Amino acid sequence: MNFELTDERRMLSDSLRRFLADTVTPEATAAATEGATGFDARLWEGLAGLGAIGALLPEEAGGFGGAGFDLSVVFEEVGRAGAVTPLIESGVLAAGLLSDLGAETQADRIEAALAGEVLGFAHGEPAARYTLEHVETRAERAGGGWRLTGRKAIVGFARAAGDVVVTARTGGAATERQGISAFLVPAGAEGLALHDYPLNGGGRAAEMTLDGVTVGPDALIGPAGDAFDALERVTARATCALCAEALGLMETIRALTVDYLRSRRQFGQPIGKFQALQHRMADVLIEIEQARSAVINLAGHLEAGRAERERHVSATKNLIGRVARLVVEEAIQMHGGIGMTQEYALGHFAKRLTMVDHRFGDTDHHLERFIRLSAA
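Residues numbered from 1 in each chain as written. Predicted model: local features only at pLDDT ≥ 70, side-chain atom pairs only at ≥ 80, totals over all residues. Heavy atoms only, no water.

Asker: Could you clarify how one ought to interpret the overall build of the protein chain in this entry?
Answerer: Each helix and strand in the protein chain was counted, giving 11 helices and 10 strands. In terms of overall dimensions, the protein chain is globule-like: its C-alpha atoms have a radius of gyration of 21 Å, near the 21 Å expected for 376 residues. Seen through its C-alpha atoms, the protein chain measures out along the principal axes to roughly 80 × 45 × 40 Å. When burial is assessed residue by residue, the protein chain has 54% of its 376 residues classed as buried. For the protein chain, the computed accessible surface area is about 16600 Å², with 52% contributed by carbon and sulfur atoms. Computing the positive centroid from 37 side-chain charges and the negative centroid from 50, the protein chain places the two 5 Å apart. (Helix = DSSP H or I, 4+ residues; strand = E, 2+ residues; numbered from the N terminus. Rg over C-alpha atoms; globule rule 2.2 N^0.38 Å. Buried < 20%, exposed > 50% of the residue type's maximum accessible area, 1.4 Å probe, protein only. Areas by Shrake-Rupley, 256 points an atom, 1.4 Å probe, with all protein chains shown as cover. Lys, Arg positive; Asp, Glu negative; His and termini not counted. Charge placed at Lys NZ, Arg CZ, Asp CG, Glu CD.)

Asker: Would you explain the packing of aromatic side chains in this entry?
Answerer: Aromatic ring pairs: the centre-centre distance and the angle between the two ring planes describe each pair. Scanning the model with the defined rule gives four aromatic pairs in all. Of the aromatic side chains, those joined through ring pairs into one cluster are F39, W44 and F157. (Phe/Tyr/Trp six-rings, centres within 6.5 Å; stacked < 30°, edge-to-face > 60°.)

Asker: What am I meant to see in helix α6 (residues 107-115) here?
Answerer: Owing to its 3.6 residues per turn, the α-helix brings residues three or four apart onto one side. Residues R109, I110, A112, A113 and L114 constitute the buried set of α6. Where the residues of α6 are buried, they touch α3 (41-50), α5 (87-102), β1 (119-122), β4 (163-169) and β5 (180-186). G116 sits one or two residues past α6 and shows a positive phi near 120°. (Contact = heavy atoms within 4.5 Å.)

Asker: Teacher, can you tell me more about the side chain of E125 here?
Answerer: Relative to the assigned elements, E125 resides in the loop between β1 and β2 (138-142). Residue classification places E125 among the buried residues on the basis of a relative accessible area of 7%. Within the structure, E125 has its side chain in polar contact with the backbone nitrogen of E136 (distance 2.8 Å). When near neighbours in sequence (up to four residues on either side) are disregarded, E125 contacts H134, V135, E136, T137, R151, K152 and A153. (Polar contact = N/O pair within 3.5 Å; in protein donor to acceptor, adjacent residues only side chain to side chain.)

Asker: Looking at this structure, I do not really get empty space enclosed by the protein. What am I missing?
Answerer: If a probe as big as a water molecule is rolled over the atoms, it shows which places are left empty. Scanning the entire structure with this criterion turns up two cavities of 30 Å³ or more. There is about 70 Å³ of room inside the largest cavity. In this structure, the largest cavity is lined by T23, V24, T25, A28, T29, A32, G38, F39, D40, L43 and V84. Of the residues in the lining of the largest cavity, the class split is six nonpolar, four polar and one charged. Empty space within the second largest cavity amounts to approximately 40 Å³. Along its surface, the second largest cavity is lined by I253, R254, T257, M281, V284, V327, E330, A331 and M334. A total of four residues in the lining of the second largest cavity trace back to one element, the largest contributor, which is helix α9 (residues 306-335). Of the residues assigned to the lining of the second largest cavity, the class counts are six nonpolar, one polar and two charged. (1 Å grid on protein atoms, 1.4 Å probe; cavity = no way out; pocket = protein on both sides within 12 Å on 5 of 7 lines; lining within 4 Å. Points joined across faces, edges and corners; volume = space filled by probe spheres on them. Nonpolar A, V, L, I, M, F, W, Y, C, P; charged D, E, K, R; others polar.)

Asker: How should the layout of surface pockets be read in this particular structure?
Answerer: Quantified by volume, the second largest pocket comes out at close to 420 Å³. In this structure, the second largest pocket is lined by 19 residues; those nearest its centre are P26, T29, A30, Q342 and H348. Contributing elements (two or more residues each) for the lining of the second largest pocket: α2 (26-34) and α10 (345-356). Grouping the constituent residues of the lining of the second largest pocket by class yields eight nonpolar, nine polar and two charged.

Asker: Teacher, can you tell me more about the packing of helix α7 (residues 228-263) against helix α8 (residues 275-299) here?
Answerer: Helix-helix packing is characterised by the crossing angle of the two axes and by the distance between the axes. Closest axis-to-axis distance for the α7/α8 pair is 10 Å, and the angle between their directions is 160°. One finds that α7 runs roughly antiparallel with respect to α8. Considering how the two elements wind past one another, α7 and α8 form a crossing that is left-handed. Contacts between α7 and α8 involve C240, C243, A244, L247, M250, E251, R254, T257, V258 and L261 on the former and, on the latter, L277, M281, L285, I288, A291, R292, V295, L298 and A299. Within the contact of α7 with α8, the residues separate by chemical class into 15 nonpolar, one polar and three charged. (Axes fitted to C-alpha atoms, helices over the stretch in contact; angles between N-to-C directions. Parallel < 35°, antiparallel > 145°, perpendicular 65-115°, else oblique. Left-handed = near helix turned anticlockwise from the far one by under 90°.)

Asker: Looking at this structure, I do not really get the environment of T149. What am I missing?
Answerer: Position of T149 relative to the elements: it lies in strand β3 (residues 145-156). Spatially, the C-alpha atom of T149 lies 8.4 Å from that of A168, the residues being 19 residues apart in sequence. If sequence neighbours within four positions are ignored, T149 has contacts with T137, R138, L210 and G212. Separated by 3.5 Å, the side chain of T149 and the backbone nitrogen of G212 make a polar contact.

Written as structure tokens, this is what we have:
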């Protein structure tokens, strides 16, 4: 099997690496997190201009990629730079769901997202934890449109979004797959309230309350009650993107640690010459290669049938979570006290990599899910 990138993907990777190396700085990242949007506007405009958003969507939706390896190329470079962006929320989840459920009726919104307009994505709820089908937010018919009532948790970059893709239940019980619908809701709609806060790994999110938010009939994306399958597909893609970003973060943490071992001297020689540290670093390198293999494997199975795809999603996310914990712990221990300081680059990358395990299901969740899927 040939694991080499195509010429187009290699060019995109090289372009992104150069742009991100010149644009992403610790000062800009810290300022963006404290700002209103949670990300650097210049960085976001540059990514849109380079085609990073277009690479996440298929040609029929206006993009030029959309395959698993397109996702992995973009997000590995984003992770390598430690960039904080709404690419997953806007480009993979929101635009992806619009593309999957309503590519023709929502073509203008997808086009706007490709041009750099941020779309929000509100699905997770306070009581849902990682259960994708747990939706208590209700949507009821009101006149010719819909009225939405409920709460959404950890809506990434909500303050920056013009429109938000919101999932709500139009039928069924709170944990049934059937009955979940998707709606495109203006961020400034009456009855929609946001409680905004910074995230530990950079960026911002919000708790969203929908108190009788009324939208028109054209706000419904796709058939009513049939959004779960599409929701599961775009979540699988977002998980692949997050795992690729984690791989890029690991590579940068590895490089920082190796450089430190070569430059930090103790007892008259670089500490990297001590055999115990060499063995620990070798273990880290092996685990990172395992993680790379898992990401490649998942990227190649995103178009497989549901059962096979979801098994690979859970297997990869579990492995990435375990390797991420090892990489962060070993890097900080080998750096010593400097690894805990805010001023040193490792701190930002370590926090972002640590938080990967808390999105789209942690290691325990995906281990149990993998067992259930395999038994079925």
